[in-house]
Structure formats: structure tokens, C-alpha cells
Amino acid sequence: MNMVARNRDDDMQDAKPKFIFTCQGCGQCCEKGVAIYLSDIERWSKDGTVYQVFPNLTVSVESVPLSLHLERENGKCKMYDLDSKKCKIYENRPLSCRAYPLRHDGTGFLLRDEGCPGLNKGEMSRETLEEIRKDAIEEHEAEVHTAAVLPTIQALLLSDMAKKSEEAYSKLTDEEKARLDEILKKEK
Ligand code: SF4
Ligand code: SF4
């Protein structure tokens with residue numbers, strides 16, 4: 001990945017920004033995995049998008065830390081409308097899609113996709129540059145927050161499930177317990 005515009009002030013003083021980008025609407029970025037953060041879900045809960053997005057959300061429990069993603073179908077994000085070739089939730093799209101193809105790693109800006117056809121196309125106003133940088137910083141903060149909070153939520157849910165299972169088991173008769181133990185042995 002290329003390092004771009006490490007120093008925010010230097011870059012803003014340049015006559016021409018180093019990062020020039022105009023989205024071409026090609027949908028190439030919608031073919032890659034889309035990370036979803038808790039702040040996306042919080043925003044979607046407020047604006048109602050949550051009902052559209054939730055059935056298409058998936059949790060990667062194998063990954064460390066635990067992560068959330070939008071599912072894909074036929075090689076595209078499920079929020080991509082194949083007929084109109086547009087994002088169905090464009091106005092409320094996830095933070096990682098807003099900042100694309102820029103990202104921030106906590107110390108500086110990076111290009112996440114050097115092959116994005118929008119790079120070095122068109123004019124880049126200072127306002128647009130500021131906006132995309134703001135989105136990239138916000139995405140990074142959301143990523144850090146989600147990575148810190150999700151495993152705790154998972155641990156709480158698992159511990160709650162374990163407690164409920166224990167309670168349910170204690171209410172079984174000896175005969176039911178023996179039957180359940182037999183079933184569990186067969187499952188192993
Ligand atoms: S961000 Fe880049 S890859 Fe995505 S639609 Fe725009 S031009 Fe295409
Ligand atoms: S949410 Fe929208 S912009 Fe983001 S990858 Fe999916 S279709 Fe593309």
C-alpha cells in the first residue's frame with residue numbers, strides 16, 4: 001500500500017493535493033469484503049437502514065478480533081443493485097465505503113486500493129479532500145472501537161448462554177439428564 005499525504009498540514013498547503021480522486025462508479029470496490037463497525041449499526045438504527053442491512057450482515061467468529069461484514073452474492077456486496085449498478089444504501093453506506101480508496105492507520109493516510117479507477121481522475125477540491133480524510137479517520141476510530149467492544153459483547157453472550165444452559169440442565173429430571181448425556185456422547 002502506498003503512503004499518501006502523511007502530513008496533513010503539508011498536504012493542505014500544497015497547490016495541488018497528492019491524493020486526487022473522482023469515483024467512476026465502476027462498482028469494483030463492491031466486489032471486496034466490506035467491514036461493518038458498531039458505529040455503522042448505531043447510525044443505521046437511527047436512520048432506519050438497519051432493517052435493510054441486518055439480513056445481509058455476517059459475523060466472522062473465526063477471525064480475531066471478531067468482525068462484522070456485509071455478505072456477498074454473485075461476487076458483489078448484497079447491497080449492490082445489479083440492475084441499476086448502484087448501491088442500494090448509498091446515502092447511508094458503511095464508513096469503509098465512504099472513505100474508499102483512502103484509509104487511515106492511526107498515524108497517517110494510506111491507499112487501500114491502488115487499482116481503484118477513480119484515482120488521479122478529475123479535480124480534487126480541498127473540501128472534497130477534507131471530507132474523504134474525515135471519513136478515513138472516522139473509519140479508523142470506528143475500527144478500533146469495534147475491535148475493542150465486540151469481543152466483550154461476544155464473551156458476555158457466551159457467558160449468558162452458558163449460565164442459561166446450566167440453569168436449564170439443573171431443572172431436568174435424572175432420566176432426562178441421562179438421555180441428554182447419551183445424545184451428547186453420540187454427537188462427539
Ligand atoms: S471507489 Fe473506485 S472502485 Fe469504487 S466505484 Fe469508485 S472508482 Fe470504482
Ligand atoms: S455497501 Fe454499497 S458501496 Fe459499500 S460495498 Fe456494498 S454496495 Fe458497495
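Computed from a predicted model, the values in this text were never measured in an experiment. (Residues numbered from 1 in each chain as written. Chains lettered and ligands numbered in written order. Predicted model: local features only at pLDDT ≥ 70, side-chain atom pairs only at ≥ 80, totals over all residues.)

(A) Main features of the overall build of the protein. Each helix and strand counted, the protein has 6 helices and 10 strands in total. Each of the 188 residues in the protein was classed as buried or not, and the buried ones make up 19%. Considering only intrachain contacts with a sequence separation of at least 6, the fraction spanning at least 24 residues in the protein is 69%. (Helix = DSSP H or I, 4+ residues; strand = E, 2+ residues; numbered from the N terminus. Buried ≥ 20, exposed ≤ 12 C-beta atoms within 10 Å, placed from the backbone. Contact = placed C-beta atoms within 7 Å.)

(B) A look at the sheet that holds strand E3 (residues 57-60). Read across the sheet, 3 strands follow the order E2-E4-E3 without closing on themselves; strand pairing throughout is antiparallel. Two strands close off the open sheet at either side, each with one partner strand: strand E2 (34-36) and E3. The average undirected angle you get between the axes of adjacent strands in this sheet is 45°. Relative to strand E4 (residues 67-70), E2 is paired through 3 bridges, and the arrangement is antiparallel. Bridge pairing in E4 places Ile36 opposite Leu68. (Pairing = 2+ DSSP bridges. Axes fitted to C-alpha atoms, helices over the stretch in contact; angles between N-to-C directions.)

(C) Local environment of the site of ligand 1. Close to ligand 1 lie Cys23, Gln24, Gly25, Cys26, Gly27, Gln28, Cys29, Tyr100, Pro101, Cys116, Pro117 and Gly118, which account for all nearby residues. Across the shell around ligand 1, the residue classes break down as 7 nonpolar, 5 polar and no charged. (Near = placed C-beta within 6 Å. Nonpolar A, V, L, I, M, F, W, Y, C, P; charged D, E, K, R; others polar.)

(D) Spatial organisation of the site of ligand 2. Every residue close to ligand 2 is listed here: Cys30, Val34, Leu70, Cys77, Met79, Tyr80, Cys87, Ile89, Arg93, Pro94 and Cys97. Looking at the shell around ligand 2, its residues break down into 10 nonpolar, no polar and 1 charged.

(E) Geometry of the pairing of E4. In terms of strand pairing, E3 meets E4 through 4 bridges, oriented antiparallel. When the sheet's bridge partners are listed, Leu57 is paired in E4 with Leu70.

(F) The confidence of the model for the protein, seen in detail. With 87% of its residues at a pLDDT of 70 or more, the protein has an overall mean of 84. Within the model, the stretch residues 5-15 combines pLDDT values under 50 with 8 contacts to residues more than four positions away or in other chains. (pLDDT = per-residue confidence, 0-100.)

(G) Seen up close, unusual backbone geometry. Of note, the amide linkage connecting Tyr100 to Pro101 takes the cis form, showing an omega dihedral of 5°. Mapping Pro101 onto the fold places it in the loop between helix H4 (95-99) and strand E9 (102-104). One non-glycine residue, Asn74, adopts positive backbone phi at about 50°. Positionally, Asn74 belongs in the loop between strand E5 (72-73) and strand E6 (76-77). For Asn120, which is not a glycine, the phi torsion comes out positive at approximately 60°. By the secondary structure assignment, Asn120 is in the loop between strand E10 (109-111) and helix H5 (126-170).

(H) Just the nonpolar core, in detail. Formed by 22 residues in total, the largest nonpolar core has its most connected members in Val34, Leu70, Cys77, Met79, Ala99 and Leu102. Of all the secondary-structure elements, those providing two or more residues to this core are E2, H4 and H5. Those residues in contact with Leu70 that sit more than four places away from it in its chain are Val34, Ile36, Asn56, Leu57, Cys77, Lys78 and Met79. (Core = buried A, V, L, I, M, F, W, Y, C linked by C-beta atoms within 7 Å.)

(I) Highlighting the environment of Ser96. Following the sequence through the fold, Ser96 ends up in helix H4. With 24 C-beta atoms counted inside 10 Å, the residue Ser96 sits in the buried group. A C-alpha to C-alpha distance of 6.0 Å links Ser96 and Glu139, two positions 43 residues apart in sequence. In this structure, Ser96 is in contact with Val34, Ala35 and Glu139, ignoring residues within four places of it in sequence.

(J) Inspection of the environment of Ile132 at higher detail. Note on placement: Ile132 falls in helix H5. Setting aside chain neighbours within four positions, we find Ile132 in contact with Ala99 and Leu102.

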